[in-house]
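One-letter residues, chain by chain:
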Amino acid sequence: MIKIEHVKKSFGHLDVLHDVSLTVDDGSVVVILGPSGSGKTTLLRSINFLERADKGKLTIGSSSVDLHSAKKKEVLEIRRKTSMVFQNYNLFANKTALENIVEALVTGHGIPRAQAVERAKEELRKVGLSDKENYYPSQLSGGQQQRVGIARAVALDAEVILFDEPTSALDPELVGETLALIKQVAKDGHTMIVVTHEMSFAEDVADKVVFMDGGYIVEEGSPQDIFYHPKEERTRQFLRRIIPVGEYVI
Amino acid sequence: MKFSLEYLWKCILSGIIYIPVTLKLALIPLALAIVFGTLIALARIFKVPVVEKFFKIFVAIYSGIPGVVTMLIFHLIYLSLFKPAKNGIMLLAYFTFTLGRTIVVSESVRGAFLSIPKGQYEASYACGLSTFQTLKKIIIPQVIPVALPALTNNALGSIKNTSIVLVLGIVDVLNGATIPCADTYSYVEGYVAAAIIYWVINAIVEFFLVHLEKHLSKKK
């Protein structure tokens, strides 16, 4: 189980997170929704210390760390228990698709090279990119890069995979296939926290939907609760704007 | 003005003997500057307290002063503080060149580091690599091809710049090529000979570095 408790974070005078707490059960998928600037990405990035929170506690399994005062070693330990898929893919530009995964496994997680190569090949096969093993990121399309990004995050065998708007930078045509892949990852039983704007994806995949606004968690519950019976007015307002009424006619 | 090719040849032969002096004056400071310059660049990028501020001010001041002027100032300080030693003037030249090159190199290296997107660091940290591993495996391999054109310029500049040791009386290619001129007071051949030697050295150095650049950028 992953527990995030009382996270506070401000950038200068701007309070981005006010006392946010969240629990993620093992093997479950939590989707965080909310308007831009609601603090959802900051919350996600606080979990693996890409942002240093001002206050808060993180528990993964049986070990806890303070999100503000964690030492270098503790930070490294947490980062090895988590993995992340980025909005802009962030593949290592100097490494091939295969080496992107191998490097993370060998240098980041201390796995012997031969074993790492085998696992990397297997993950690339799962995302349908076996034929692109030796391509550099600059030779791959956005969708392909993101599939490598997902393969890298999955290969690390982390206790939780963090997805930071994984389809926001993609071509609309490529969003579908990437979401399908993420759904597959969820089906394989990985614990996931996903920040996204894709509502139907959230409805399909999430075990829990969290709606954030202004640095607070406004409401959380099952997709059924949030999308069809929201309790808070703010949630209703947000959903009205995002989910189109009726169908498009072209 | 008379120009004698035969005399020019004599000056070239006289200058060539001193190529090792010029190369030593250029390459030793350059090698040291790459090490120190990278460290300064890293200190500034990672915003190491005090160190960062110090070098920022130091770079701002030092890069605004011509090399000859600093060399003359250091020379006077050296003369008033130390007893003349056998290699003293040579060490003084190494010191001045290293300092000057370090500043220039640190700026090129810093620029190259800044050109690497933040996402490359973040992805590496997220994959569990430490800061040192991130620099070694991910960032520096990407910085080198970016920094290389600027460093090529630096290497060429470093070689050319050594000629200012004229003011210290060190015999390098320039001084060496004009040795025969002392007999005839016709310095044109000596200076042209020096120009030819410098050009040939730089052409060779540039040839190798441009090939290295091409080789490294192919890997991307």
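Residues numbered from 1 in each chain as written. Chains lettered and ligands numbered in written order. Predicted model: local features only at pLDDT ≥ 70, side-chain atom pairs only at ≥ 80, totals over all residues. Heavy atoms only, no water.

Caption draft 1: Structural detail: the overall build of chain A. Per the secondary structure count, chain A includes 9 helices and 10 strands. Relative to its length of 250 residues, chain A is compact, with a C-alpha radius of gyration of 18 Å against a globular reference of 18 Å. In terms of principal-axis extent, the alpha carbons of chain A reach across some 55 × 55 × 35 Å. The proportion of buried residues among the 250 residues of chain A is 53%. Across chain A, every contact between residues at least 6 apart in sequence was considered, and the portion connecting residues at least 24 apart equals 63%. Surface accessibility of chain A: about 11,500 Å² in total, with carbon and sulfur atoms responsible for 47%. Charge-centre separation for chain A: the mean point of 31 positive side chains lies 5 Å from the mean point of 36 negative side chains. (Helix = DSSP H or I, 4+ residues; strand = E, 2+ residues; numbered from the N terminus. Rg over C-alpha atoms; globule rule 2.2 N^0.38 Å. Buried < 20%, exposed > 50% of the residue type's maximum accessible area, 1.4 Å probe, protein only. Contact = heavy atoms within 4.5 Å. Areas by Shrake-Rupley, 256 points an atom, 1.4 Å probe, with all protein chains shown as cover. Lys, Arg positive; Asp, Glu negative; His and termini not counted. Charge placed at Lys NZ, Arg CZ, Asp CG, Glu CD.)

Caption draft 2: Quick peek at the side chain of Gln 120 of chain B. Mapped onto the elements of the fold, Gln 120 of chain B is located in helix α6 (residues 118-126). At a separation of 3.2 Å, a polar atom in the side chain of Gln 120 of chain B contacts the main-chain amide nitrogen of Ala 93 of chain A. With near-sequence residues (within four places) excluded, Gln 120 of chain B lies in contact with Asn 90, Leu 91, Phe 92 and Ala 93 of chain A together with Ile 138, Ile 139 and Gln 142 of chain B. (Polar contact = N/O pair within 3.5 Å; in protein donor to acceptor, adjacent residues only side chain to side chain.)

Caption draft 3: Structural view of the interface of chain B and chain A. Tallying the contact residues gives 18 residues for chain B and 25 residues for chain A. Around 1,800 Å² of area is buried between chain B and chain A when both sides are counted, 60% of it from carbon and sulfur atoms. Remark: the boundary between chain B and chain A carries 2 salt bridges. For Lys 137 of chain B, the salt bridge identified is with Glu 103 of chain A, shortest N-O distance 3.9 Å. For the pair chain B and chain A, the interface holds 8 residue pairs in polar contact (both at pLDDT 80 or more). For the side of chain B that touches chain A, the secondary-structure elements that each account for two or more residues are α6 and α7 (131-161) of chain B. The element best represented in the side of chain B that touches chain A is α6 of chain B, accounting for 7 residues. (Buried area = accessible area lost by both parts, 1.4 Å probe. Salt bridge = Lys/Arg side-chain N within 4 Å of Asp/Glu carboxyl O.)

Caption draft 4: Structural detail: the sheet that holds strand β4 (residues 55-60) of chain A. Residues and elements named next belong to chain A. One open sheet holds the 4 strands; their spatial order is β2-β1-β4-β5, and the pairing between them is antiparallel. If you trace the sheet from one side to the other, it starts and ends with β2 (14-24) and β5 (63-66), each paired once. Neighbour-to-neighbour, the strand axes of the sheet open up by a mean angle of 15 degrees, direction not taken into account. Relative to β2, strand β1 (residues 2-11) runs antiparallel, the two sharing 7 bridges. Paired with Ser 10 across the strands is Asp 15, a residue of β2. (Pairing = 2+ DSSP bridges. Axes fitted to C-alpha atoms, helices over the stretch in contact; angles between N-to-C directions.)

Caption draft 5: Local environment of the pattern of salt bridges. According to the stated counting rule, one finds 17 salt bridges over all chains in the structure shown. As a salt-bridge pair, Glu 122 of chain A and Arg 125 of chain A come within 2.9 Å of each other at their nearest N and O atoms. Placement of the pair is Glu 122 of chain A and Arg 125 of chain A together in helix α4 (residues 113-126), with a separation of 3 residues, close to one helical turn. Classification of Arg 125 of chain A as partly exposed rests on a relative accessible area of 49%. Beyond isolated ion pairs, a larger network of salt bridges with shared partners links Arg 45 and Glu 51 of chain A together with Lys 118 and Glu 122 of chain B.

Caption draft 6: Layout of the domain arrangement of chain B. Residues and elements named next belong to chain B. By the assigned domains, chain B splits into domain 1 (1-18 + 171-220) and domain 2 (32-147 + 158-165). Taking the mean C-alpha position of each, domain 1 and domain 2 sit 28 Å from one another. Taken together, the contacts link 7 residues of domain 1 with 6 residues of domain 2. On the domain 1 side of the interface with domain 2, the three residues burying the most area are Tyr 198, Asn 202 and Leu 216, jointly 51% of the side's total. Counting across the interface, domain 1 meets domain 2 through 0 salt bridges. For the side of domain 1 that touches domain 2, the element with the highest residue contribution is helix α10 (residues 188-217), accounting for 5 residues. The class makeup of the residues in the side of domain 1 that touches domain 2 is 5 nonpolar, 1 polar and 1 charged. (Domains from an automatic or database assignment. Nonpolar A, V, L, I, M, F, W, Y, C, P; charged D, E, K, R; others polar.)

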